[in-house]
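Take a look at the letters that make up each chain.
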Amino acid sequence: MAWEGRLTFLFFFSMLLMLSHVCDCHPHSARCMNSTCATTKTSNNTAKKASDITAEVAGYADVAKQIIDLAVFGAAQNRSYRRLADFTDTIGNRVSGSQNLELAIKYMFNALMQDGLDVHLEPVKVPHWVRGKESAEMIAPRAKSLAILGLGSSVGTPPEGIEAEVLVVQSFEELKRRSSEAMGRIVVFNQPFVSYGETVAYRAFGASEAAKVGAVATLIRSITPFSINSPHTGWQDYQDGVRRIPTACITVEDAELMWRMAQRGQKIVVRLTMEAKTLPDADSFNTVAEIRGWQHPEQVVLLSGHLDSWDVGQGAMDDGGGAMISWEALSLIKDLGLRPRRTLRTVLWTAEEQGGVGAQQYYNLHKVNMANFDLVMESDVGTFTPVALQFTGSDAARKVMEEVVKLLAPINTTKLEAHGEGTDISPWMQAGVPGASLHVADSRYFWFHHSEGDTMTVQDPGDMNLCSALWAVVSYVVADLQDMLPRLVVADVCPPRAWLCWRFLPV
């Protein structure tokens, strides 16, 4: 899942505003051309009067109601849930590079074909990390088995494992203060959960930070606000030039246990064994299904979710649900005999969990046609009860989308929020393409995220009906409007000293 995207875009747009003040030249002056600062303007269409937009979108009220009725009350009721259950029960989890992911792609290709959609696969290369057997045990001050999940891209331990005294810290700052104590130890991070976007830094960078001060391994408190002794995995990043040490997440309960023991002055010893290894990149595919537009087939409204998951649980919530409603939206439109002006394209991404790998390669391949991408949509925060649509785009495009979400009044989701998000669609939004994401009642999302708890038990068929209806109405109406959404154009117009560089946190 990709909650990191929200932080990235808040940062991105705040930087755009800041750079407008940093720049010491007029955005369109001759001496500013071919330099490197971002400014924006609206393009693509001659602006329509607000009354014309309101009238045009309101004309889709009957169609929107038909879609909603079919998804929520009609023959398609609970279909997305059943599809998800069949898929996850049959395939299971689907980590990048695995045979299960390959089976999942074949499964979805055949299912989409049987649904009567135009389907093809686009090849990509993806990371191939293998967990192998792993275990951890506290040896002192008492014997206790520790539930762990190794982190993606981690190296393994020697075959005999690593047995070392533990240093427990609650922050990177504390680790620096106590760096003299870290040499030869296993560092346990017992950082409190503040928010996913903030706290995930410990999972992402904890191993390298500990290695810098001589640690031999790290055990990191799982990035979750709630635990029933459940470890949560995820991707982590080694810093270049820093020794790579094994790293895994432990449960909230065990992290707090060792913290209390350390506070009492007790010596803690842990034995860690991990077989984790990274193999050469594997072949994989983004799975693409379409309803081609009748008037402008070259123009695209893109819906998406990612097909891969971590290697625990079923990957039902993250992101099987998002993938299924992106399929279901096309099914609802096809079942009603609708065909929009523009092409509706569902893309089921591969290797999102490793940082949007499949989506980045898709962007690299298709960015040459960027002017024809009308709207990019991603669902990757669960398919619980929908609350709102999140949107990133120009002010003129926002006015159009405000009218579109009014069509969702029958399911009480007429709110349009700022900042569309999603690891997989972020390159498009950064380039100025309008983007949208699903905001759901996600208070329990991180209870199950990247853990054995991510199963069909988390899912609710009624919620998935509502998410499917929202996804289908928004995508169809935008794809069928007379004009594409007014575009936010990002121009390169400032001095090199204003260069921006940022990266995504692991997902």
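Residues numbered from 1 in each chain as written. Predicted model: local features only at pLDDT ≥ 70, side-chain atom pairs only at ≥ 80, totals over all residues. Heavy atoms only, no water.

## Here we look at the packing of aromatic side chains
Piece 1. Going through the model one piece at a time under the given rule, you end up with 15 aromatic pairs.
Piece 2. Here a set of aromatic residues connected by ring pairs shows up, and it is made of Trp349, Tyr362, Tyr363, Phe373 and Trp428.
Piece 3. Taking NZ or CZ as reference, Arg83 lies 3.7 Å from the ring centre of Trp327, over its face. (Phe/Tyr/Trp six-rings, centres within 6.5 Å; stacked < 30°, edge-to-face > 60°. Lys NZ or Arg CZ within 6 Å of the ring centre and 35° of its normal.)

## Observations regarding the pattern of salt bridges
Piece 1. In this structure the tally under the stated criterion is 23 salt bridges.
Piece 2. In this structure, Glu328 and Arg79 form a salt bridge, with 3.0 Å as the shortest nitrogen-oxygen distance. In this pair, Glu328 sits in helix α9 (residues 316-335) while Arg79 sits in helix α4 (residues 79-91), placing the two residues 249 residues apart along the sequence. In this structure, Glu328 and Arg79 share a single accessibility class: buried.
Piece 3. In this structure, the salt-bridge partner of Asp115 is Lys334, at a minimum N-O distance of 3.6 Å. Highlighted residues: Asp115 in the loop between α5 (99-114) and β2 (118-130) and Lys334 in helix α9, separated in sequence by 219 residues.
Piece 4. When salt bridges that share partners are traced, they join Arg79, Arg83, Asp115, Glu328, Lys334 and Asp335 into one network. (Salt bridge = Lys/Arg side-chain N within 4 Å of Asp/Glu carboxyl O. Helix = DSSP H or I, 4+ residues; strand = E, 2+ residues; numbered from the N terminus. Buried < 20%, exposed > 50% of the residue type's maximum accessible area, 1.4 Å probe, protein only.)

## Here we look at helix α11 (residues 395-406)
Residues that lie three or four places apart on an α-helix share one face, since the helix turns once every 3.6 residues.
Piece 1. For α11, which comprises 12 residues, the first-to-last C-alpha distance of 17 Å matches the rise-based estimate of 16 Å (1.5 Å per residue) to within 8%.
Piece 2. Elements in contact with the buried residues of α11: α2 (50-58), β14 (373-378), β15 (386-392), β16 (416-418) and α14 (461-480). (Expected span 1.5 Å × (residues − 1). Contact = heavy atoms within 4.5 Å.)

## What to know about the sheet that holds β2
As a general point, the strands of a sheet are linked pairwise by backbone hydrogen bonds and lie either parallel or antiparallel.
Piece 1. The eight strands are arranged β2-β11-β13-β12-β14-β17-β15-β16 in an open sheet whose pairing can be described as mixed. Strand pairing shows two members of the sheet lacking a second neighbour, β2 and β16, which therefore form its edges. In this sheet, neighbouring strand axes are inclined to one another by 25° on average, regardless of whether the strands run parallel or antiparallel.
Piece 2. Judged from the five bridges that link them, strand β11 (residues 277-291) and strand β13 (residues 342-349) form a sheet pairing that is antiparallel. When the sheet's bridge partners are listed, Ile291 is paired in β13 with Leu344. (Pairing = 2+ DSSP bridges. Axes fitted to C-alpha atoms, helices over the stretch in contact; angles between N-to-C directions.)

## A short note on the side chain of Arg398
Piece 1. Within the secondary structure, Arg398 is located in helix α11.
Piece 2. Although Arg398 is buried, it makes no salt bridge; Glu402 carries the closest opposite charge, 4.9 Å away.
Piece 3. Ignoring sequence-local partners within four residues, the contact set of Arg398 consists of Phe391, Leu416, Glu417, Ala418 and His419. (Lys, Arg positive; Asp, Glu negative; His and termini not counted.)

## Some words on the confidence of the model for the protein
Piece 1. Per-residue pLDDT for the protein has a mean of 90; in total, 87% of the residues score no lower than 70.
Piece 2. Within the protein, β13 carries the highest mean pLDDT (99), whereas helix α1 (residues 4-22) carries the lowest (40).
Piece 3. Note on residues 2-46: pLDDT under 50 across the span, and 109 contacts to partners over four residues away in sequence or across chains.
Piece 4. Taken as a whole, residues 491-507 scores under 50 in pLDDT and shows 70 contacts with residues more than four places along the chain or in a different chain. (pLDDT = per-residue confidence, 0-100.)

## Points about the sheet that holds strand β4 (residues 144-146)
Piece 1. The sheet built from eight strands is open, its strands ordered β4-β3-β10-β6-β7-β8-β9-β5 with mixed pairing. A strand with exactly one partner marks an edge of an open sheet, and here the two such strands are β4 and β5 (148-150). Averaged over all neighbouring strand pairs, the angle between strand axes comes to 30°, with direction disregarded.
Piece 2. Bridge count for β5 against strand β9 (residues 247-250) is three bridges, and the pairing is antiparallel. Considered in β9, the bridge of Ile148 is made with Ile250.

## Observations concerning unusual backbone geometry
Piece 1. Omega for the peptide link from Ala140 to Pro141 comes to 10°, which places this bond in the cis form.
Piece 2. Its place among the elements puts Pro141 in the loop between β3 (134-140) and β4.
Piece 3. Of the consecutive residues Asp318 and Asp319, the connecting peptide bond is found in the cis state with omega at 5°.
Piece 4. Note on placement: Asp319 falls in helix α9.

## Looking at the pairing of strand β8 (residues 217-221)
Piece 1. Taking burial as the measure, the five residues of β8 include five buried ones, the bulk of the element.
Piece 2. The two faces of β8 match: Ala217, Leu219 and Arg221 on one face and Thr218 and Ile220 on the other face are all buried.
Piece 3. The pairing of strand β7 (residues 186-189) with β8 spans four bridges and is parallel. Each bridged residue has a counterpart across the sheet, and for Val187 the counterpart in β8 is Thr218.
Piece 4. Once you follow β7 into helix α7 (residues 196-212) and on to β8, the crossover reads as right-handed. (Right-handed = clockwise from strand over helix to strand, strands pointing away.)

## What about the environment of His232?
Piece 1. Mapped onto the elements, His232 comes out in the loop between β8 and β9.
Piece 2. Expressed as a C-alpha distance, the spacing of His232 and Phe448, which sit 216 residues apart in the sequence, is 8.0 Å.
Piece 3. Beyond its immediate stretch of four places on either side in the chain, His232 contacts Leu149, Leu151, Ser222, Thr224, Phe226, Cys249, Phe446, Trp447, Phe448, His449, His450 and Ser451.
Piece 4. A distance of 3.4 Å separates a polar side-chain atom of His232 from the backbone oxygen of Ser230.
Piece 5. Here His449 takes part through its backbone oxygen, which lies 2.6 Å from a polar atom of the side chain of His232. (Polar contact = N/O pair within 3.5 Å; in protein donor to acceptor, adjacent residues only side chain to side chain.)

## Details of the nonpolar core
Piece 1. With 81 residues, the main nonpolar core has Leu375, Leu389, Met401, Trp471 and Val474 as its most contacted residues.
Piece 2. Tallying contributions element by element places α14 first for this core, with 12 residues.
Piece 3. Residues within four places of Met401 in sequence aside, it is in contact with Leu375, Leu389, Phe391, Leu416, Val474, Val478 and Leu485.
Piece 4. By size, the runner-up hydrophobic cluster in this structure holds 30 residues, among which are Ile186, Ala248, Ile268 and Ala276. (Core = buried A, V, L, I, M, F, W, Y, C linked by side-chain atoms within 4.5 Å.)

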